[in-house]
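A closer look at the structure
The chain contents come next:
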Number of protein chains: 2
Amino acid sequence: MNEHISSAYDRDLEALITLIMKMGGLVEDAILNAAQSLEKRDVELAEAVRNGDKAIDALEVEINDEAARVIALRAPVSKDLRSILTVLRLAASLERIGDYSKNIAKRTSVLADMQPINGADAALRRMAKEVQVMLKDTLDAYIRGDAELAEDVRQRDQEVDQMYNALFREFLTFMMEDPRHITACMHLHFMAKNVERMGDLTTNMAEQVIYLVTGEMPDEARPKSDKTAFIGEV
Amino acid sequence: MNEHISSAYDRDLEALITLIMKMGGLVEDAILNAAQSLEKRDVELAEAVRNGDKAIDALEVEINDEAARVIALRAPVSKDLRSILTVLRLAASLERIGDYSKNIAKRTSVLADMQPINGADAALRRMAKEVQVMLKDTLDAYIRGDAELAEDVRQRDQEVDQMYNALFREFLTFMMEDPRHITACMHLHFMAKNVERMGDLTTNMAEQVIYLVTGEMPDEARPKSDKTAFIGEV
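Structural notes, computed from the coordinates. (Residues numbered from 1 in each chain as written. Chains lettered and ligands numbered in written order. Predicted model: local features only at pLDDT ≥ 70, side-chain atom pairs only at ≥ 80, totals over all residues. Heavy atoms only, no water.)

1. Side note on the overall build of chain A
Along the backbone of chain A there are six helices and zero strands. Walking chain A from its N terminus toward its C terminus, one meets helices and strands in the order α-α-α-α-α-α. Its C-alpha atoms give chain A a radius of gyration of 19 Å, near enough to 17 Å, the size a compact globule of 234 residues would have. Taken over the C-alpha atoms alone, chain A extends approximately 65 × 40 × 20 Å along its principal axes. Contacts in chain A between residues at least 24 apart in sequence constitute 85% of all its contacts with a sequence separation of at least 6. Taken as a whole, chain A presents about 9900 Å² of accessible surface, with 50% of it coming from carbon and sulfur. (Helix = DSSP H or I, 4+ residues; strand = E, 2+ residues; numbered from the N terminus. Rg over C-alpha atoms; globule rule 2.2 N^0.38 Å. Contact = heavy atoms within 4.5 Å. Areas by Shrake-Rupley, 256 points an atom, 1.4 Å probe, with all protein chains shown as cover.)

In structure tokens:
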């Protein structure tokens, strides 16, 4: 991406990008494992996701410290500075996606003792898989400086939103049909909302990549999003 | 806070802090107005909160740009650099709290057409008020470099969490008693969760202030938090 010859700054930036990719890999795993722990009622896997979040948090701290060191030492300007600030923003988003995965895993142990809700676990797993692929593509777009791929991720967020809206309506119906489903549905709804938020965060990351590559934020507001705020009736 | 004589850097930092305080004031208003719009069923006020979020977002962009300019121009190190990075983090948190307020206001217009749930609006308003005062104190602690006040904010987040946990149980009970309350309770629950998240974000800001003032993050993990993940029965 840089045209000038390799410098101390370039090596520092590469080290930071390596840390971002490592963090991204851990977060991708957390997303998939959280959804799988729900579907398989695997309380041990859920526990592993919850404990694994510490490593993700530690990587963010390491990235923040290292980025601050690079800014202080190399005094980067313009594009170079933007690269470092992008690293900080991507790390912050990854940390939050990791947190949402942990929150999902927390609820697995409660739901393990309840009657499964018809199809909800599989629907959540499909949503989570969609978000994980979006994240993978965002990280690929970042490494390759591929604004087109990042834009594609941005568009795909609508599918996640649609999946979520459909699930929200389904949960309402289930609860109305049988009040014994209410507690489980409240938890499942939380999980679905968390996955939807992970999609939003991944989209924010894709927008950061577009900004880094093109120098401009995507100007068309992407067609948002969670429509459930407007659902009064099912 | 700085012992050296006023420099170009100091003036830049002061300008940034002024922007943070302006942004913080807008966000405080957004929190209170969102809760009030629900309680009074005031759809116009809710609309004003939703539109007002644009000004909050614009301030974050301005702060980010200005901070990048200061880093590039002044090449700050150690404490000075930490001050600028803190500005970036506080602005990011404020933007997210603004978003949550907007999300709450969005649901007001739906709930305006539904039967009020006994006491829920007032409980949400009390939670929102608590968070707004926490935010106000965090901004005061930031301006005055008062780590003790920031630590006090951090402790108060537990009260918000307790209010939220109590509401969660109440909503479950309401829904089970009468399925006609389910849709309204789902929305109200979302709003309560949003307020709880605003409390978490404010607590993160308080921790940033402690880090800025003392050079160390609070080491005792604060007693967390949303316990509803573990509620299987009501």
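2. Focus on the relation of the copies chain A and chain B
Put simply, the two copies of the chain differ by a rotation about an axis and a shift along that axis. Overlay of chain A on chain B (RMSD 0.0 Å): rotation 180°, translation along the axis 0.0 Å. Taken together, these values place the two copies in the relation of a two-fold axis. Within chain A, the C-alpha atom positioned nearest to the axis of rotation is that of Ala-75 of chain A, 2.7 Å from it. The share of interface residues of chain A whose copies in chain B are also at the interface is 97%, consistent with both copies meeting through the same surface. (Least-squares fit on C-alpha atoms with pLDDT ≥ 70 in both.)

3. Topic: the nonpolar core
Membership of the largest hydrophobic core comes to 151 residues, with the highest contact counts inside it found for Ile-20 and Leu-188 of chain A together with Ile-20 and Leu-188 of chain B. Residue contacts for Ile-20 of chain B: discarding those within four places in its chain leaves Ile-63, Val-87, Leu-90, Ala-91, Leu-94, Leu-139 and Tyr-142 of chain B. (Core = buried A, V, L, I, M, F, W, Y, C linked by side-chain atoms within 4.5 Å. Buried < 20%, exposed > 50% of the residue type's maximum accessible area, 1.4 Å probe, protein only.)

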